[in-house]
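Structural overview for review
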Amino acid sequence: MPVLKLGIPAGSLQEATAELFARAGWKIKFQTRSYYPTIDDLEIECMSIRAQEMARYVENGVLDAGLTGYDWIVETGADVHEVAELVFSKVSRRPVRWVLCVPEDSPVQTVKDLEGKRIATEVMNLTTNYLAQNGVSAKVEFSWGATEVKPPKLADAIVEVTETGSSLRANNLRIVDEVLQSTTRFIANHDAWNDPWKQKKIMNIVTMLQGAMEAEEKVYLAMNVERCNLLNVIDILPALQKPTISNLVDETWVAINTVVPSASVRDLIPRLIEAGAKGIVEMPITKIIG
């Protein structure tokens with residue numbers, strides 16, 4: 001039986017990735033001190049790899065495919081096939097940002113002010129290329145962790161990743177510039193992508209992951225409406241595409257089915273009732289495909 005070797009990001013993305021796969025239909029279980037999570041699919045063999053290293057292992061064929069951040073693809077310079085963008089992270093459903101930061105009371109206002117200064121970061125190549133693009137020569141030092149606490153004594157500035165900015169504010173840091181925005185990518189080894197079975201398996205996985213993400217924070221609404229109130233109800237509905245309208249046995253009534261953002265339901269249902277909708281049913285959605 002052919003098997004797809006799939007890299008699951010360890011660390012901060014692990015829980016969010018497992019949750020996404022669960023909603024897509026796969027159960028991944030992680031075991032203490034094991035690099036090989038189990039998955040309920042005999043055609044997939046998982047390996048837990050740090051996101052920072054994922055692109056390199058996919059490039060050299062240790063893995064057929066994997067999930068990692070666009071930032072680490074750029075940082076490692078890995079030659080991989082980007083199959084899809086999946087906008088999720090450990091905290092939110094928005095891109096993470098690598099930003100240039102200095103202490104609040106620093107005189108630095110732009111990257112140009114860092115000429116000859118020290119910058120601490122985990123993304124050495126990304127930072128070096130950013131400085132070169134801005135014509136700035138500075139000393140870039142690798143940070144093994146706790147980068148936020150290094151200014152001003154151990155560094156004049158840092159390039160660090162942030163989602164909410166709360167950690168930067170807690171450490172009295174100010175953002176000078178954005179270096180890169182990054183989202184999660186599903187990547188594949190070129191040889192694996194050119195293998196018909198592996199490519200189909202990869203695309204099946206991606207389709208289900210994207211369907212699960214599309215369904216997030218949406219619900220299915222079904223209701224009955226008298227034909228005389230139909231236009232009033234339709235005008236209220238923020239449909240995903242267009243609502244489905246079906247005839248009922250009583251020709252003076254129709255059934256309406258649609259998908260709406262879950263956050264809108266608490267305000268939407270009272271308005272639908274006022275417009276004449278009856279028998280409103282709200283149901284959760286696990287996937288939206290196509």
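As a starting point, this report considers the structure included with it. These numbers come from a predicted model, not from an experiment.

**Notes on helix α9 (residues 265–275)**
Among all positions of α9, only Val 265, Leu 268, Leu 272 and Ala 275 are buried. Considered in projection along α9, the buried side chains sweep an arc of 90° and stay on one side of the axis. Opposite its buried face, α9 presents the exposed residues Arg 266, Asp 267 and Glu 274, each directed more than 90 degrees away. Those residues of α9 that are buried are in contact with β13 (218–226), α8 (230–236), β15 (253–261) and β16 (277–284). Directly after α9, the chain includes Gly 276, whose backbone phi takes a positive value near 115°.

**Remarks on the nonpolar core**
Residues Phe 21, Phe 186 and Ile 202 are the most contacted members of the largest nonpolar core, which totals 28 residues. Put simply, the parts of the chain that give this core at least two residues each are β1 (4–10), α1 (14–24), β4 (44–50), β5 (65–69), β6 (81–86), β12 (184–188) and α7 (196–215). Counting residues per element, this core draws most heavily on α7, at six residues. Here Ile 202 is in contact with Leu 4, Ala 65, Val 83, Phe 186, Ala 188 and Trp 193, once residues within four sequence places are set aside. By size, the runner-up hydrophobic cluster in this structure holds 20 residues, among which are Leu 126, Val 140, Val 176 and Leu 180.

**Points about helix α2 (residues 51–59)**
Each α-helix winds once per 3.6 residues, and so residues spaced three or four apart point in a common direction. Among all positions of α2, only Ala 51, Met 54, Ala 55 and Val 58 are buried. Looking down the long axis of α2, one finds its buried residues gathered within 90° of arc, a one-sided arrangement. Close packing links the buried residues of α2 with β1, β4, β5, α3 (70–76) and β12. Gly 61 lies just past α2 and shows a positive phi near 90°.

The rules behind the values
- Residues numbered from 1 in each chain as written.
- Predicted model: local features only at pLDDT ≥ 70, side-chain atom pairs only at ≥ 80, totals over all residues.
- Heavy atoms only, no water.
- Buried < 20%, exposed > 50% of the residue type's maximum accessible area, 1.4 Å probe, protein only.
- Helix = DSSP H or I, 4+ residues; strand = E, 2+ residues; numbered from the N terminus.
- Arc of directions from axis to C-beta.
- Contact = heavy atoms within 4.5 Å.
- Core = buried A, V, L, I, M, F, W, Y, C linked by side-chain atoms within 4.5 Å.

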